[in-house]
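If you want the building blocks of each chain, they are given just below.
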Amino acid sequence: MGIVKISDPLHESLRVASQALSRSINAQAEHWMRIGLLAELHPQLNHSELCQLLIRAEQEGGLDLERLAGWSQPSKAKGARA
């Protein structure tokens, strides 16, 4: 966990959006970062499709950005040989 410094106008936008969407400011910032990261990794997807991707990931045990981004290899099943 770390600290991210952002401009005052962006922080105000986060505050407004977080109140409107019943999220904490940190949760709203994290949501925007997830969407932004996924949008850069998958420019062919629209916002609705990115949200569906996040929902599917959550249904499959939680968001794993490394796996979604293709940065890590899928884990092998127990007992599988290399």
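Residues numbered from 1 in each chain as written. Predicted model: local features only at pLDDT ≥ 70, side-chain atom pairs only at ≥ 80, totals over all residues. Heavy atoms only, no water.

### Looking at the pattern of salt bridges
Side chains carrying opposite charge are able to pair once their charged atoms draw close together. Convention followed: Salt bridge, as applied in this entry: a Lys or Arg side-chain nitrogen positioned within 4 Å of an Asp or Glu carboxyl oxygen. The numbering of helices and of strands both runs from the N terminus, where a helix is a DSSP run of H or I of at least 4 residues and a strand a run of E of at least 2. Accessible area is worked out with a 1.4 Å probe on protein chains only. A residue is then buried under 20% of its type maximum, exposed over 50%, and partly exposed in between.
Going through the model one piece at a time under the given rule, you end up with two salt bridges. With its nearest N and O atoms 2.5 Å apart, the salt bridge here joins Glu12 to Arg15. Remark: Arg15 and Glu12 occur in helix H1 (residues 8–20); sequence separation between them is three residues, near one turn of the helix. Assessed through its relative accessible area of 37%, Glu12 is described here as partly exposed. Residue classification places Arg15 among the partly exposed residues on the basis of a relative accessible area of 29%. Here Glu30 and Arg34 are joined by a salt bridge, their closest N and O atoms 2.7 Å apart. Of this pair, Glu30 and Arg34 both sit in helix H2 (residues 25–41), four residues apart, which is roughly one turn of the helix.

### Quick look at the nonpolar core
The line we're drawing: The definition of a nonpolar core used throughout is a set of buried Ala, Val, Leu, Ile, Met, Phe, Trp, Tyr and Cys residues joined through side-chain atoms within 4.5 Å.
Residues Ile35, Leu38, Leu50, Leu53 and Leu54 constitute the largest nonpolar core, which totals five residues. Within the residue set of this core, elements represented by two or more residues are H2 and helix H3 (47–59). For this core, the leading source of residues is H3, giving three residues.

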